[in-house]
Amino acid sequence: MKIPNVEKMAEYYTRILEELGADIESEGLRETPMRAAKALVEMTEGARMATDKLLTMFKAECQTSVCHDMVIVEGIKETGLCEHHLLPILMSITIAYIPDKKILGLSKLSRIAGYFARRLQNQERTAHSIAVFIEQIVEPLGVAVLIDGKHMCAMARGVRDTHSIMKVNVMHGAFQKDQALREEFLNRLA
Ligand SMILES: [Zn+2]
């Protein structure tokens with residue numbers, strides 16, 4: 001796994017600022033290249049977590065379940081980076097699953113969302129990755145991942161559309177096969 005060299009990244013940011021004609025010696029900008037480099041590293045940190053290690057870690061956190069009641073964690077706020085423009089996507093992530101023999105605490109689901117959000121990404125892939133990862137950990141009867149995303153690349157540039165929200169729904173297993181279950185789930189959302 002490549003570890004980013006923040007000094008090198010800060011140098012590149014300095015060049016970008018110079019190219020923009022900015023006064024890089026000014027008080028406001030002096031530390032900006034290093035701050036920007038560190039921000040980019042932080043916002044992509046999920047990509048540097050090895051999936052097999054995450055799987056082992058979360059599998060160990062599972063508990064035994066005897067019931068098949070739907071588990072929902074709604075409105076997890078995460079920020080990712082659009083891989084086309086390197087601009088933030090502000091996401092609200094909802095995860096639901098129907099346990100078979102194992103369950104995972106709600107805070108763990110939020111952490112999983114974070115690992116997959118903080119990457120260079122597109123929203124469909126993020127939703128799909130979260131669903132597949134949860135399937136591998138709890139082996140549920142079904143899993144659903146919904147992501148509502150506000151894309152800064154659409155809001156701050158190009159079409160400058162400040163209102164649209166991109167919605168992605170990924171439904172696997174029972175959620176895909178059973179329409180009544182899918183409706184029950186969608187009706188339960190606030
Ligand atoms: Zn974009």
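The rules behind each value
- Residues numbered from 1 in each chain as written.
- Predicted model: local features only at pLDDT ≥ 70, side-chain atom pairs only at ≥ 80, totals over all residues.
- Heavy atoms only, no water.
- Helix = DSSP H or I, 4+ residues; strand = E, 2+ residues; numbered from the N terminus.
- Contact = heavy atoms within 4.5 Å.
- Areas by Shrake-Rupley, 256 points an atom, 1.4 Å probe, with all protein chains shown as cover.
- Axes fitted to C-alpha atoms, helices over the stretch in contact; angles between N-to-C directions.
- Parallel < 35°, antiparallel > 145°, perpendicular 65-115°, else oblique.
- Left-handed = near helix turned anticlockwise from the far one by under 90°.
- Nonpolar A, V, L, I, M, F, W, Y, C, P; charged D, E, K, R; others polar.
- Pairing = 2+ DSSP bridges.
- 1 Å grid on protein atoms, 1.4 Å probe; cavity = no way out; pocket = protein on both sides within 12 Å on 5 of 7 lines; lining within 4 Å.
- Points joined across faces, edges and corners; volume = space filled by probe spheres on them.
- Core = buried A, V, L, I, M, F, W, Y, C linked by side-chain atoms within 4.5 Å.
- Buried < 20%, exposed > 50% of the residue type's maximum accessible area, 1.4 Å probe, protein only.
- Donors = N, O, S within 2.8 Å, 3.2 Å for Na, K, Ca; no water.

Details of the overall build of the protein
Piece 1. What the protein contains, in helices and strands, is eight helices and seven strands.
Piece 2. Counting only C-alpha atoms and orienting by the principal axes, one finds that the protein spans roughly 65 × 35 × 20 Å.
Piece 3. Counted over contacts in the protein with a minimum sequence separation of 6, partners at least 24 positions apart contribute 71%.
Piece 4. Per element, the accessible surface of the protein, about 10900 Å² overall, is 54% carbon and sulfur.

Things to note about the packing of helix H4 (residues 106-117) against helix H5 (residues 123-138)
Piece 1. It is at 9 Å that the axes of H4 and H5 come closest, and there the two elements cross at 135 degrees. By the angle between their axes, H4 is oblique relative to H5. When you trace H4 past H5, the crossing you get is right-handed. Facing H4, whose interface residues are Leu109, Ile112, Ala113, Phe116 and Ala117, H5 presents Thr126, Ser129, Ile130, Phe133, Ile134 and Ile137.
Piece 2. Class assignment of the residues belonging to the contact of H4 with H5 gives a composition of nine nonpolar, two polar and no charged.

Observations concerning the pairing of strand E2 (residues 71-82)
Piece 1. One ladder, built from nine bridges, connects E2 with strand E3 (residues 88-98); its direction is antiparallel. Bridged to Ile76 within E3 is Ile93.
Piece 2. Between E2 and E3, which pair antiparallel and follow one another directly, the connecting turn spans five residues, one of which, Leu86, has a positive phi of 55 degrees.

A closer look at the layout of surface pockets
Piece 1. The calculated volume of the largest pocket comes to roughly 290 Å³.
Piece 2. Taken together, 14 residues make up the lining of the largest pocket; nearest its centre are Lys2, Pro4, Asn5, Met9 and Arg48.
Piece 3. For the lining of the largest pocket, the secondary-structure elements that each account for two or more residues are helix H1 (6-19) and helix H2 (32-43).
Piece 4. Here the lining of the largest pocket takes three residues from H1, the largest share from any one element.

Some details on the nonpolar core
Piece 1. Formed by 33 residues in total, the largest nonpolar core has its most connected members in Ile93, Ile95, Leu104, Ile112, Ile130 and Ile137.
Piece 2. Counting only elements with at least two residues in this core, the list comes to helix H3 (51-60), E2, E3, H4, H5, strand E6 (142-151) and strand E7 (166-173).
Piece 3. If one sorts the elements of this core by residue count, H5 sits on top with seven residues.
Piece 4. Setting aside its immediate chain neighbours within four residues, Ile95 contacts Val71, Ile72, Val73, Ile76, Leu109, Ala113, Ile130, Ile134, Ala144 and Val145.
Piece 5. Core analysis: the second largest hydrophobic core is formed by 10 residues, Leu146, Phe175, Phe185 and Leu189 among them.

Topic: the pairing of E6
Piece 1. Counting buried residues in E6 gives eight out of 10 residues, a clear majority hidden from the surface.
Piece 2. Bridge analysis of E3 against E6 gives 10 bridges, and the strand direction is antiparallel. Across the sheet, residue Leu90 finds its bridge partner in E6, namely Lys150.
Piece 3. The pairing of E6 with E7 spans eight bridges and is classified as antiparallel. Paired with Asp148 across the two strands is Lys167, which belongs to E7.

With respect to the coordination of the zinc ion
Piece 1. The zinc ion binds to the protein through Cys82 (SG), His85 (ND1) and Cys153 (SG); the donor distances cover 2.1 to 2.2 Å.
Piece 2. Linear spacing of the donor residues for the zinc ion on their chain is C-x2-H-x67-C. Highlighted residues: His85 in the loop between E2 and E3 and Cys153 in helix H6 (residues 152-155), separated in sequence by 68 residues.
Piece 3. Take His85: its relative accessible area is 33%, and that puts it in the partly exposed class.

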